[in-house]
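The lines below spell out each chain.
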Amino acid sequence: MEKEMILHSLSWRFLTIAPCDAAEPWQLGSQNAATPIMQGIIYLHHDIFFFLILILVFVSRILVRALWHFHEQTNPVPQRIVHGTTIEIIRTIFPSIIPMFIAIPSFALLYSMDEVVVDPAITIKAIGHQWYWTYEYSDYNSGDE
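Residues numbered from 1 in each chain as written. Predicted model: local features only at pLDDT ≥ 70, side-chain atom pairs only at ≥ 80, totals over all residues. Heavy atoms only, no water.

Side note on the overall build of the protein
Note the following rule: Going along the chain from the N terminus, every DSSP run of H or I of four or more residues is numbered as a helix, and every run of E of two or more is numbered as a strand. For the exposure calls, accessible area comes from a 1.4 Å probe over protein chains only, and a residue counts as buried if that area is under 20% of its type's maximum, exposed if over 50%, partly exposed in between. In this analysis, two residues are considered to be in contact whenever any of their non-hydrogen atoms come within 4.5 Å of each other. Only the protein chains shown count as cover for residues, with accessible areas throughout obtained via the Shrake-Rupley method and a probe of 1.4 Å.
For the protein, the helix and strand inventory stands at three helices and two strands. Start at the N end of the protein and walk to the C end: the helices and strands fall as α-α-α-β-β. Burial analysis of the protein (145 residues in total) assigns 4% to the buried set. Considering only contacts in the protein between residues 6 or more positions apart, those separated by 24 or more positions represent 21%. Carbon together with sulfur atoms contributes 68% to the accessible area of the protein, which is approximately 13500 Å² in total.

Below you can see the structure in the form of structure tokens.
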């Protein structure tokens with residue numbers, strides 16, 4: 001009886017520890033990163049998402065303000081701020097600068113992915129054809145093949 005309790009306790013502990021790093025149903029966000037590159041990708045995602053929320057709030061405010069100023073009953077003569085060269089230049093230049101700020105850290109992550117930090121135990125080359133996949137194990141190819 002005591003042996004069964006110990007085995008049950010060990011199996012329960014194993015089952016609670018084993019899937020800790022696996023994805024769960026209805027999980028929000030990514031699972032825990034196993035490499036520094038994946039950690040960088042998660043941080044980049046969080047940073048971009050933060051600025052995306054700021055842009056969403058800003059654009060929503062502009063949309064609501066434009067709807068308010070162009071409503072005929074509330075304001076029959078719209079203000080000058082929604083028209084003009086200055087606002088058009090800002091609306092053209094600012095969205096083209098945002099992808100440049102996103103590209104700089106993403107290129108750093110992209111180039112860091114090319115570097116192999118650890119010597120892999122095996123290298124598998126997967127080739128996708130139209131209807132099937134082929135695999136090459138280049139570590140085991142001999143010189144005469």
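A closer look at the pattern of salt bridges
Worth spelling out the cut-off: The salt bridge criterion pairs a side-chain nitrogen of Lys or Arg with a carboxyl oxygen of Asp or Glu, the two atoms within 4 Å.
The tally for this structure, following the rule as stated, stands at one salt bridge. With its nearest N and O atoms 2.4 Å apart, the salt bridge here joins Glu 88 to Arg 91. Of this pair, Glu 88 and Arg 91 both sit in helix 3 (residues 85-114), three residues apart, which is roughly one turn of that helix.

Structural notes on the packing of aromatic side chains
Just so we agree on the cut-off: Ring pairs shown here join Phe, Tyr and Trp side chains whose ring centres sit within 6.5 Å, with only the six-membered ring taken for Trp; geometry is labelled stacked below 30 degrees between planes, edge-to-face above 60, and tilted in between.
Taken as a whole and judged by the stated rule, the model has two aromatic pairs. On the basis of an interplanar angle of 70° and a centroid distance of 5.3 Å, the ring pair of Phe 50 and Phe 51 is categorised as edge-to-face. Among the residues examined, Phe 51 registers a relative accessible area of 51% and is labelled exposed. Plain terms: the ring middles of Phe 107 and Tyr 111 are 6.5 Å apart, the flat faces sit at 35° to each other, and that makes the pair tilted. In this pair, Phe 107 and Tyr 111 both sit in helix 3, four residues apart, roughly one turn of the helix.

Description of the pairing of strand 2 (residues 133-137)
To keep it simple, the criterion reads: Here a strand pair is declared whenever DSSP counts at least two bridges between the two strands.
Examined bridge by bridge, strand 1 (residues 124-128) and strand 2 share five bridges and lie antiparallel to one another. Bridging from a neighbouring strand, Ala 126 pairs with Tyr 135 of strand 2. Counting the residues between successive antiparallel strands, the hairpin from strand 1 to strand 2 contains four residues.

What to know about helix 2 (residues 36-69)
This is how it is decided: To estimate the expected span of a helix, subtract one from its residue number and multiply by 1.5 Å.
With 34 residues, helix 2 should cover 50 Å at 1.5 Å per step; its first-to-last C-alpha distance of 49 Å lies within 8% of that length. Within helix 2 the residues assigned to the buried category are Ile 42, Leu 44 and His 69. In this structure, the buried side of helix 2 is in contact with helix 3.

Some points on a nonpolar patch on the surface
Rules: Patch building starts from residues that exceed 30% relative accessible area and form no salt bridge, then joins like charges within 9 Å and nonpolar side chains (Val, Leu, Ile, Met, Phe, Trp, Tyr) within 5 Å.
Judged by side-chain polarity, Met 38, Ile 41, Phe 107, Leu 110, Tyr 111 and Met 113 come together as a nonpolar surface patch covering roughly 570 Å² of accessible area. Top contributing element to the nonpolar patch by residue count: helix 3, with four residues.

Remarks on the packing of helix 2 against helix 3
Here is the rule: Fitted lines through C-alpha atoms serve as axes, helices being fitted only where they are in contact, and the angles separating the N-to-C directions of these axes extend from 0 to 180 degrees. Here roughly perpendicular refers to angles of 65 to 115 degrees, roughly parallel to angles under 35, roughly antiparallel to angles over 145, and oblique to all remaining angles.
Packing of helix 2 against helix 3 brings their axes to within 10 Å, and their N-to-C directions diverge by 170°. One element, helix 2, and the other, helix 3, form an angle in the roughly antiparallel class. Contacts between helix 2 and helix 3 pair Ile 37, Gly 40, Ile 41, Leu 44, Ile 48 and Ile 55 from the former with Ile 98, Ile 102, Pro 105, Ser 106, Leu 109, Ser 112 and Met 113 from the latter.

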